[in-house]
Each structure stands twice: as structure tokens, then as C-alpha cells.
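# Reading the structure
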Amino acid sequence: MLEVQDLKRLHIGPVSLAVPDGEALAITGPSGAGKSVLLRAIADLDPNEGHARTQSVAREAVPAPIWRRHLGYLPAESGWWSEHVREHFRHPEETRARLPEILMPEAAMDWEVARLSTGERHRLALLRALEIGPEALMLDEPTSMLDRKTEAAVEALLAREMAGGLSLLIVTHDADQPARLGAPVLWLEGGRLAPAGESEVTRA
Amino acid sequence: MNTGYITLSYWDLAIASVFLLLNGAISIALHLGLERRLAISALRMMVQLTLVGLLLKALFSIASPWLTLLVVCAMLLFAGREILARQENRLAGLWGYAIGTGTMTFAGTMVILTALLVLLEPRPWWAPRYALPLFGMILGNTMNGISLALDTLHRTILRERRAIEAQLLLGATRWQAARPFLRASLRTGFMPIVNAMAATGVVSLPGMMTGQILSGVDPQEAVKYQIMIMFLIAGSTGLGVLLATLGSFLRLTDERHRLRPERLRSAAPDR
């Protein structure tokens, strides 16, 4: 579960939303509406006001690093800080076995980061975020740089994680993705969230 | 002690400048265009050093603790401004000046007080003849180290923002996420003094030691002085670099383990 209440950051908010266990919620809206700003604020990566909690922890009650282990967040561009892929994982050997799930060879765990394409980095970053075992995960354009086949693989992976209880909050411009993940769609514009009409989803 | 000291006449100086004049003549003959800058910098050196000489002479003869303190404060303020000027990105507002100047003042003061009160013990302990040259050497090196460390820290935090935030998002603390970048900043700040200690006596004879030897001091005594100075400089630089880097990093993050790069300003606009 992920619950956000009266969240305010810059021109965004107050925003409230709730994603039950094992379900997904999609946010869409025009470019520059602040969708990424909103996700960053929920992750407490920027100063903001308001409340957020998962099933087991309230954001205000725990240090930020603990909060971020309960709520994963995958920004649109992934960050890498070491030379090799494996140095970015806590359990590289266990995670290696999951690489086929994102259509990458198990050997990729031993590659250098510089060798990866943007899409490969993004998929690896997804496994990296799941490795922590978050209760909820926020994804910013999770499949925008992937081809149809890998997109389907990633969505299947996400569906399996949801079946295991993971809540997903997804920012997407893909009009069909929310339906494939069974996610209701909210429209962010002028700093406010509202249920999206059919036309708005297609417009985005 | 000053048995071998040889006084220079102004004629000696004039003769010493012959080689520089020769350089100027060559520059004019070959149209190198260096003669103006050579002449200006040589003149500046002469004027500045003459003024400093007069100032020091006056300070030594007046021998007032307050006047000495005033000069020390002026040195600190100038050095603080220099730390700020050497950073491509600085902390916004008063913080930019305060962290560099404050940590340098603390480190330099600790070290110079130890030197004057425990090691050299001149009478009076604040005697400007000892305090000012020593403080100048300690301050110059500390200033250099701090400005290098802060410049590196601020540049890497901006450049590696995504990498640092990726670790924060995986539940790392700000210290864990920035450890390699903090280490790189500290290393850069320590580098000049570490290099200077390693190369000294092999590649170059330190200026202070050369000066003492030229003024007739026994080389072994001069070496002892030089070693002490190196220890003092290294101590002050190390302390200053460490405090400034940690202070600036604390200001660039917050208690919710967020990166706050918006607190940095590029130096470009107000230059």
C-alpha cells in the first residue's frame, strides 16, 4: 500500500492518492506538469509538505533512508556510481538469476556499466530497486525507451511483483500501458490530480 | 648566528635585473609581445615587496599586539575571499564565505598558537617578527588546500548528482552515497602539501630554508625549522580541508538525506 496525503511541493498540490496492496495507479498529464517533481517529493528527495505512508511505515516517523527502502523509486534516468554492474547490487549472485526476466543474459552482471545501452541500464535499475524489497514502487516512464518485446517482458515482471503484493505508482505517456497493468489513471495538470477522462489519456 | 650574512646593495639588485632586461630585449627583437607583461609584473613585484618590507619594519618596531592582530585579521579576510574566488561553484549567500574562512581561521589559529606558545616561545609570544611570517606560510597553504577541496566537492556533487541520488533512493545515507566524492575532495585538498613534503629536499630546497641558509644559519638548524614548518602547514591544511569539506557537504545535504545542489551558485555571473 502507498498512501499520500496533502502533499505540496513548489506549484504541485495539495495532492492525495492511495494505491492498495498489489495494485497499480497511473499518473499522466502534459509535459512539465510536474509528474516527476511529484514522485521525487513522495520519495522525500526534495523538500515538501504533507504525509505519506506504506502499510508498515509512516514517512514522518522514520529516517529518510528507511522510508526509501520501503518505497522504491525509479527515475526516468537511472544513476550509476561504480564501474561494473555487479557493484551496484546487494546480492549480485541472486539477482543474476533474474536477468532473463528482463531479457538480458546472466553474464550481464559482470559487464561494465559503460557498455550498457540506456534501455539496458533502465531495466537493470528496476531489478536493483526490487532487490531492496520495497512495499511500493514508483516508476517514471518505465518502458519509454524499450522496444515492444522488452516492454512486454518488463510489464510481465511488474505484474508478477504486483501479484506478490507490490503496489505500483506509474508515470506514463503511453496511453495503453495503464490498461495493461490494470491501473486507474489520474491526470496531473495545474498542480492538481483528477481522474482522467478518455480523451485526456489519449492526448497525453 | 648571523655570521655569514652578506648585505645587498641597490647596485647588486640592478645587476641582478640585467638578465630580466635581456629577456625583455629578446622579446622586443623577436616580436614576442611579452615585454609589457614582464615589465609590469617585475614592477609590481618590486613595489609590493618594498611596501611589505616597510610595513613589516614598522610593525616590528611598533610591536603592538593589537596592530599585529589587525594585520592577521586582514590576512584572513583576503585569504577567505581568495578561497571563494577560486571555486567555480560556491555556496549561495554568506555560507560560501563563512565555511571556507571560518574553517581556515580555526585551523590556522590552532596551529599558530601551538607554534608560538609551545614551540618557539618568542618574547612576547605574539612578536610580529615570528607571528606574521609563520602565519602567512600556514595560511597560504591552508587557503590553497581548502579552495581546491571545496571546488572539487562542489563540482563533483553537481556532476554526480544522479549517481548520488540513485544511492539515496536505494536507502543509503548521505554519507554512504557521497563517500567516494568526499574522499576525492579531501585527497585533492591534501595533494599539494603531500606532494610538497615528498619532493622537498630532493627536487627543490624550500624557500624558507634557502633564506635561512643564505643568512648564515647552520644548515642543520635551518632543516629543523623547515621540518617544523612543514608539520605545521600540513596540520593546518589537513584540519582546514577536513572541516571545510564536511561543513560544505552538510550544507549541500539535509537531515532527510536529500541532496541540495540548489544551494550552489555558479561563479560566472558575478565575475
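One structure accompanies this document, and this report is about it.

Turning our eyes to something else, we now look at the interface of chain A and chain B. One frequent convention defines the size of an interface as the accessible area lost when the parts assemble. Taken together, the contact between chain A and chain B spans 16 residues of the former and 14 residues of the latter. Per-element accounting of the side of chain A that touches chain B gives the leading share, four residues, to helix 2 (residues 64–70) of chain A. Here the side of chain A that touches chain B is built from residues that sort into eight nonpolar, two polar and six charged.

Within the largest apolar cluster, 98 residues are counted, with the highest numbers of intra-cluster contacts made by Ile42, Met138, Leu168 and Ile170 of chain A. Take this core: its biggest share by element is 13 residues, from helix 6 (residues 128–159) of chain B. Ile170 of chain A has contacts with Ala24, Ala26, Leu139, Pro142, Leu181 and Ala183 of chain A, leaving out every residue within four places of it along the chain.

With that out of the way, let us pick up the sheet that holds strand 1 (residues 2–9) of chain A. All names here are of chain A. Taken in spatial order, the three strands line up as 2-1-4 in an open sheet, and their pairing is antiparallel. What marks the edges here is a single partner per strand, and that holds for strand 2 (12–19) and strand 4 (49–54). Going from strand to strand, the sheet's axes swing by 10 degrees on average, the running direction of each strand aside. Note: strand 1 against strand 4, five bridges, orientation antiparallel. Paired with Val4 across the strands is Ala52, a residue of strand 4. On top of the sheet, helix 1 (residues 35–42) reaches strand 1, strand 2 and strand 4; it is set at about 115 degrees to strand 1, its chief contact.

For the rest of this paragraph, the subject is the pairing of strand 5 (residues 71–74) of chain A. Two faces belong to every sheet, and in a regular strand the side chains alternate between them. Residues and elements named next belong to chain A. Every second residue of strand 5 is oriented toward a common face, with Leu71 and Tyr73 on one face and Gly72 and Leu74 on the other, all of them buried. By the bridge criterion, four bridges tie strand 5 to strand 6 (residues 136–140) in an arrangement that is parallel. Looking at the pairing, Leu71 lines up with Ala136 of strand 6.

Here we take up the environment of Glu112 of chain A. All names here are of chain A. Along the chain, the position of Glu112 falls in the loop between helix 3 (92–96) and helix 4 (118–131). Along the sequence, Glu112 and Ser82 sit 30 residues apart, while their C-alpha atoms lie 8.9 Å from each other. Ignoring any residue separated from it by four or fewer positions in sequence, one finds Glu112 in contact with Glu83 and His84.

Moving on, we come to unusual backbone geometry. Residue Gly13 of chain A is joined to Pro14 of chain A through a cis peptide bond whose omega torsion reads 5 degrees. Structurally, Pro14 of chain A is set in strand 2. The step from Arg123 of chain B to Pro124 of chain B runs through a cis peptide bond, and the omega angle for that step is -10 degrees. Backbone geometry at Asp44 of chain A places phi at a positive 65 degrees, although glycine is not the residue there. The topology assignment puts Asp44 of chain A in the loop between helix 1 and strand 4. For Asp44 of chain A, a count of 22 C-beta atoms within 10 Å translates into the label buried. A positive phi angle is found at Glu121 of chain B, which is not glycine, with a value near 45 degrees. Overall, the presence of 10 C-beta atoms within 10 Å leaves Glu121 of chain B in the exposed class.

Conventions and cut-offs
Residues numbered from 1 in each chain as written. Chains lettered and ligands numbered in written order. Predicted model: local features only at pLDDT ≥ 70, side-chain atom pairs only at ≥ 80, totals over all residues. Contact = placed C-beta atoms within 7 Å. Helix = DSSP H or I, 4+ residues; strand = E, 2+ residues; numbered from the N terminus. Nonpolar A, V, L, I, M, F, W, Y, C, P; charged D, E, K, R; others polar. Core = buried A, V, L, I, M, F, W, Y, C linked by C-beta atoms within 7 Å. Buried ≥ 20, exposed ≤ 12 C-beta atoms within 10 Å, placed from the backbone. Pairing = 2+ DSSP bridges. Axes fitted to C-alpha atoms, helices over the stretch in contact; angles between N-to-C directions.

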